[in-house]
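Structural description and commentary
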Amino acid sequence: MKSENRSQSKQGKKSEPVELTGSEILVQALIDEGVDTIFGYPGGAVIGIYDVFYRTPKIKHILVRHEQGATHAADGYARVTGKPGVVMVTSGPGATNTVTGISNAHMDSIPIVVFTGQVPSPMIGNDAFQEADIIGITRPITKHSYLVKDVNQLARIVHEAFHIATTGRPGPVLIDLPKDILVNKTSYKKITQLDIRGYSPTYKGHAQQITKAANMINNAIRPLIYAGGGVISGNAAEELRELAIKGNIPVTTTLLGLGAFPEDSPLSLGMLGMHGTWYANMAITECDVLLAIGARFDDRITGKLETFSKKSKKIHIDIDPSCIAKNVPVNIPIVGHAKETLPQLTARIHKLENKEWLETIAQWKKEHPLKYKMSDQVILPQYVVEKIAEVSKRKAIVVTDVGQNQMWSAQFYGFRHPRTLLSSGGLGTMGYGLPAAIGASIGKPDQIVFCITGDGGFQMNIQELATAVKYKVPVKVALLNNGYLGMVRQWQELFFGARYSATVLKDGNPDFIKVVEGFGGIGIRVVDPKDVVPALKESLKIKDKPVVMEFMVAPEEKVFPMVPAGASLFEMLEE
Amino acid sequence: MKHTLSVLFQNRFNAIPRMAGLFSGRGYSIDSISFGQGEEPGLTRATITTQGDKQIIEQIAKQLHKLVDVIKVIDLTYEPYVERELALIKVSSSPSTRAEIMQVTDIFRAKIIDISAKTLTIEVTGKEDKVNAAIGMLEQFGIREIARTGSVALKREYQGVIQSSS
Ligand SMILES: Cc1ncc(C[n+]2csc(CCOP(=O)(O)OP(=O)(O)O)c2C)c(N)n1
Ligand SMILES: [Mg+2]
């Protein structure tokens, strides 16, 4: 029908152009944008759009059980596919339920496009039924947002939104859709060109700055690369590897950077920061040239700012100029995209003579490895993470929740490939894990997806088990049940005299196996360390529904090393 | 330290709240802000004055620039620039004070733009300190109401001295 319409207008025939409703135009624009999956939840304000979905087989709509779940699922989908995740919700409470997920995507620079229903234009501002000023509420947590005021602008706005969400530093974009706009009719023309005057991110690094940076690196004695999520979202892991190997430069990554550099490389130092490896935190303290790529010197990375990496000159490559020199002064700022900038730099550097530095690091690794005490009596959570890595041959996608489970996953899995670790970094959103894992599995149906979660966070979006059952999503949930809000309990043990105020979950936790079975999933409770591997292997056989392995882990196990809040990076507590 | 930012932007829906939010989101307040159509139709120029730490203002300027609707941001603080503000000041007057008020008005090259039995309304234009000085001199007569535009400013191109009326 639409192509007919176009060919008619080309031939200049006088027949009436086909008029479409706002809802139809919206769905057509989504199809033109290449969208095939939407996570959402209907309601009065968007019922017309859902009616179009009903007759549009090209778009698969995933009905979640809570709008927060939709935003995290879209986020997980975006992180594994590199494509924008799309969310559709109704006005008022539907819209406000997306706030945490939008904020999460904003903090971690994840491209999602969120459509919210809105009351009809003439009623906006009247406290109408199910009205919320979602544009106002989400203003500080969106990259951009639109209120559609004219159906003739709708298609353009949709395409602009996808462009803005996915280019430059990616992020969430929200489109608020008043109900009357969705009913109004106009002729649809495919938009092929965008013109957003104030928006043109810089992709290529400034040549002179690159040369300066290369000289600085070539003269370094103790160089270090500190890579963040920008390397992964910029699809630049290969370019990073080439740079590090050519220059013989060790690499540490942030939580969101895990997978950007293979941890089995001798040049890898794993993760740095509050729960980073001893050797990564020492290396960043001792290095003389620090090359930061797609990272933002977050306070969980730097520890006490006054003592952070004091001996180094700093080069910072980032697509977002406002990220550079925000917390830490930088000697050579380079605004650019990692994928374009790193090869420019690689071409100008040579293999460094830094044997002594690499030996020092190797020595540190030997003296202060990541470790935990094995037991044949009780399951250690770190052991579960290691075994997940083994049984999945490190090819699985791992989605963590927030807390100790997250840090153990980051420390003990040994990531090798980009887009295989999904974690809520900037916002630290408990409840992220399960819905994000569902979104990841839907985005990459051929890959195994593990969700490593805690007994607290799992309960924050546990309703999404229903979504996984309904759509036969075979996520494998490794629930590390320690009976506590473990990460908070750890702080209480170390810094608050072991007064466990409001962190004990074990006396109120449900029977997780019954809950999972009630949802129609498979539950496996594991108490004995020797049953860990068999349970994991069993889970790999299940291909058409979610399985939850409840590992009853050592309740008071802690995450080490740990840089106490406000301390310097080199002041780590060890086991 | 006082900063004067000049921002050229497309005044589309939500652009102004987004700009303002960058200040409030950092606990900063805007001392004055003025908007008006810029050199091209569809473009608005805002002049924003604020007090703050150099580094944080720099950060805000970068964030302003990042906004999709913003085309250009200059922190005029580090450039030679010209700046004007307009104020309307309504003072109490009586036959006995009127002549004196008119004298003060003359000294500041200001204009009387409204008159009633009990009041005079005076228009003053100039840099912020001149406007402040005029207000200071008029206070003795009893100020009833003031409306000020806040600064409008542009980068100075001519580096010599221009005979200025203010
Ligand atoms: C939504 C939300 N609320 C509160 C917190 C604070 N918080 C951080 S970690 C944590 C404990 C998490 O407990 P659990 O999910 O059992 O994981 P564990 O640390 O035990 O592995 C809490 C409460 C948070 N990060 N997110
Ligand atoms: Mg727990």
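Residues numbered from 1 in each chain as written. Chains lettered and ligands numbered in written order. Predicted model: local features only at pLDDT ≥ 70, side-chain atom pairs only at ≥ 80, totals over all residues. Heavy atoms only, no water.

**Quick notes on the overall build of chain A**
The condition is simple: Here a helix means four or more residues in a row that DSSP labels H or I, a strand means two or more in a row labelled E, and each is numbered from the N terminus. Note on method: radius of gyration uses C-alpha positions; expected globular size equals 2.2 Å times residues raised to 0.38. Relative accessible area decides the class of each residue, using a 1.4 Å probe on protein chains only: under 20% of the type maximum gives buried, over 50% gives exposed, and in between gives partly exposed. Any pair of residues with heavy atoms lying within 4.5 Å of one another is described as a contacting pair. Only the protein chains shown count as cover for residues, and all accessible areas are computed by the Shrake-Rupley method using a 1.4 Å probe.
Of the regular secondary structure elements, chain A holds 23 helices and 20 strands. On C-alpha atoms alone, chain A measures out to a radius of gyration of 25 Å, which is about the 25 Å that the 2.2 N^0.38 rule sets for 575 residues. Across its three principal axes, chain A shows a C-alpha extent of roughly 80 × 65 × 45 Å. A buried classification covers 60% of the 575 residues belonging to chain A. Restricting to contacts in chain A with at least 6 residues of sequence separation, those with at least 24 account for 76%. About 22,600 Å² of surface is accessible on chain A, with carbon and sulfur atoms providing 52% of the total.

**With respect to the coordination of the magnesium ion (ligand 2)**
Think of it this way: four donors in a tetrahedron around the metal ideally sit 109.5 degrees apart, and six in an octahedron ideally sit 90 or 180 degrees apart. Residue and element names in this part refer to chain A. What counts is decided by this rule: For Na, K and Ca the donor cutoff is 3.2 Å, while for all other metals N, O and S atoms must lie within 2.8 Å; water is not among the atoms, so some sites may look incomplete.
The magnesium ion (ligand 2) binds to the protein through Asp455 (OD), Asn482 (OD1) and Tyr484 (O); the donor distances cover 2.1 Å. Read in sequence order, the donor residues for the magnesium ion (ligand 2) give the motif D-x26-N-x1-Y. Accessibility expressed as a relative area gives 7% for Asn482, which makes it buried. Its relative accessible area of 6% is what places Tyr484 among the buried residues.

**A short note on the sheet that holds strand S17 (residues 449–454) of chain A**
All names here are of chain A. Applied cut-off: DSSP bridges decide pairing: two strands pair if at least two such bridges lie between them. Note on method: axes are straight lines fitted to C-alpha atoms, helices fitted across the in-contact stretch only, with angles between N-to-C directions ranging 0 to 180 degrees.
Ordered by their spatial adjacency, six strands build an open sheet running S16-S15-S17-S18-S20-S19, and the pairing between neighbours is parallel. Strands at the two margins of the open sheet, each flanked by one partner only, are strand S16 (421–422) and strand S19 (522–526). Where strand S15 (residues 397–400) and S16 come together, two bridges link them in parallel fashion. Residue pairing across strands places Val398 opposite Leu421, the latter belonging to S16. In the packing of helix H18 (residues 404–412) onto the sheet, contacts are made with S15, S17 and strand S18 (476–481), and the angle to S17 comes to roughly 135 degrees. Each of S18, S19 and strand S20 (547–552) touches helix H22 (residues 512–519); the most contacted strand, S19, lies at about 165 degrees to it.

**Concerning the pairing of strand S2 (residues 37–40) of chain A**
Residues and elements named next belong to chain A. Applied cut-off: Seen with the strands pointing away from the viewer, any crossover whose path from the first strand over the helix to the second strand runs clockwise is right-handed.
Side chains Thr37 and Phe39 of S2 all project onto a buried face; the interleaved residues Ile38 and Gly40 project onto the opposite face, where all are buried too. Here S2 runs beside strand S3 (residues 60–63); their pairing, made up of four bridges, is parallel. In the sheet register, Thr37 faces S3, and the bridge partner there is Lys60. Remark: the S2/helix H3 (residues 47–54)/S3 crossover connection has right-handed handedness. Of the strand pairs in this sheet, S2 and strand S4 (residues 85–89) are connected by two bridges, and their pairing is parallel. Bridge assignment links Gly40 to a residue of S4, and that residue is Met88.

**With respect to the pattern of salt bridges**
In plain terms, the rule: For this document, the term salt bridge refers to a Lys or Arg side-chain nitrogen within 4 Å of an Asp or Glu carboxyl oxygen.
One pass over the full model with this rule turns up 30 salt bridges over all chains. Notably, a salt bridge pairs A:Lys311 with A:Glu286, separated by 2.8 Å at the nearest N-O pair. With A:Lys311 in the loop between helix H14 (299–302) and strand S13 (313–318) and A:Glu286 in helix H13 (residues 278–286), this residue pair connects regions lying 25 residues apart in the sequence. Exposure remark for A:Lys311: the relative accessible area of 46% places this residue in the partly exposed category. A salt bridge links B:Lys111 to B:Glu123, with the shortest nitrogen-to-oxygen separation between them at 3.9 Å. Residue B:Lys111 is located in strand S6 (residues 111–115), and its partner B:Glu123 is located in strand S7 (residues 119–126); the two are separated by 12 residues in the primary sequence. Of the residues examined, B:Glu123 reaches a relative accessible area of 18% and is grouped as buried.

**Description of the nonpolar core**
All names here are of chain A. Keep this limit in mind: Take the buried Ala, Val, Leu, Ile, Met, Phe, Trp, Tyr and Cys residues and link them wherever side-chain atoms come within 4.5 Å; each set so joined is a nonpolar core. Residue ranges assigned to the domains are those given by an automatic or database domain assignment.
If you look at the biggest cluster of nonpolar residues, it comprises 46 residues, and the most contacted ones within it are Phe39, Val399, Phe458 and Val475. In terms of domain composition, this core takes at least three residues from each of domain 1 (19–187) and domain 3 (381–552). Those residues within four positions of Phe39 in sequence are excluded, and the remaining contacts are His61, Ile62, Ala70, Ala73, Ala74, Tyr77, Val86, Val87, Met88, Gly439 and Ile442.

**Remarks on empty space enclosed by the protein**
Residue and element names in this part refer to chain A. To be explicit about the condition: Only protein atoms enter the 1 Å grid, on which a cavity is a set of points fitting a 1.4 Å probe that cannot get out and a pocket is an open set with protein on both sides within 12 Å along at least 5 of 7 lines, lining residues being those with an atom within 4 Å of a point. Grid points are joined across faces, edges and corners, and a volume is the space filled by probe spheres set on the points. When residues are grouped by polarity, Ala, Val, Leu, Ile, Met, Phe, Trp, Tyr, Cys and Pro land in nonpolar, Asp, Glu, Lys and Arg in charged, and all others, Gly among them, in polar.
Here the structure, examined in full by the defined rule, presents two cavities of 30 Å³ or more. Size it by volume and the largest cavity reaches roughly 80 Å³. Lining the largest cavity are Trp278, His368, Pro369, Leu370, Lys371, Phe560, Pro561, Glu574 and Glu575. Residue composition of the lining of the largest cavity, by class: five nonpolar, one polar and three charged. By volume, the second largest cavity is sized at about 40 Å³. If you go around the second largest cavity, the residues you meet are Lys371, Gln382, Trp408, Gln411, Phe412, Glu557, Lys558, Phe560 and Glu575. Considering each element in turn, the lining of the second largest cavity owes the most residues, three residues, to H18. The residue inventory of the lining of the second largest cavity, partitioned by class, reads three nonpolar, two polar and four charged.

**Description of the site of ligand 1**
Residues and elements named next belong to chain A. We apply this condition: Here a residue is considered near a molecule or strand provided that any single heavy atom belonging to it is located within 4 Å of it. Here a polar contact means two N or O atoms within 3.5 Å. Within protein one must be a hydrogen donor candidate and the other an acceptor candidate, and residues neighboring in sequence count only if both atoms are side-chain atoms.
Residues in close proximity to ligand 1 total 17 residues, the closest being Gln404, Gly428, Asp455, Gly457 and Gly486. Here an oxygen atom of ligand 1 sits 3.0 Å away from a polar atom, N or O, in the main chain of Met487. For ligand 1, whose accessible area on its own is 580 Å², the fraction buried by protein is 76%. Elements that contribute at least two residues to the shell around ligand 1 include exactly H18 and helix H21 (486–495). A total of three residues in the shell around ligand 1 trace back to one element, the largest contributor, which is H21. For the shell around ligand 1, the residue count by class is seven nonpolar, nine polar and one charged.

**Considerations on the interface of chain B and chain A**
This is how it is decided: A quick way to say it: buried area is the sum, across both parts, of accessible area lost when two parts are put together, with a 1.4 Å probe.
Of the residues lining the interface, 18 residues belong to chain B; the matching set on chain A comes to 22 residues. With both sides pooled, the region where chain B packs onto chain A buries about 1,700 Å², and carbon together with sulfur makes up 47% of that total. Area buried by chain B at its contact with chain A is led by B:Phe13, B:Arg18 and B:Val68, which between them contribute 40% of it. Linking chain B to chain A there are two salt bridges.

**Quick look at the domain arrangement of chain A**
Residues and elements named next belong to chain A. We note that the domain assignment places domain 1 (19–187), domain 2 (207–367) and domain 3 (381–552) within chain A. A straight line from the C-alpha centre of domain 2 to that of domain 3 covers 30 Å. Across the boundary between the two partners, domain 2 contributes 17 residues, which contact 17 residues of domain 3. Summed over both sides, the interface between domain 2 and domain 3 buries roughly 1,400 Å², with carbon and sulfur atoms accounting for 62% of that surface. Area buried by domain 2 at its contact with domain 3 is led by Leu255, Glu263 and His275, which between them contribute 38% of it. Between the two partners, domain 2 and domain 3, sit one salt bridge. Ionic pairing is found between Arg416 and Asp264, a salt bridge with its closest N-O pair at 3.5 Å.

**Structural notes on helix H17 (residues 381–391) of chain A**
Residue and element names in this part refer to chain A. Of all 11 residues that make up H17, nine are buried, and the element is covered over most of its length. Elements in contact with the buried residues of H17: H18, S17, S18, helix H23 (532–541) and S20. The positive-phi residue at the C-terminal boundary of H17 is Lys393, with phi of around 55 degrees.

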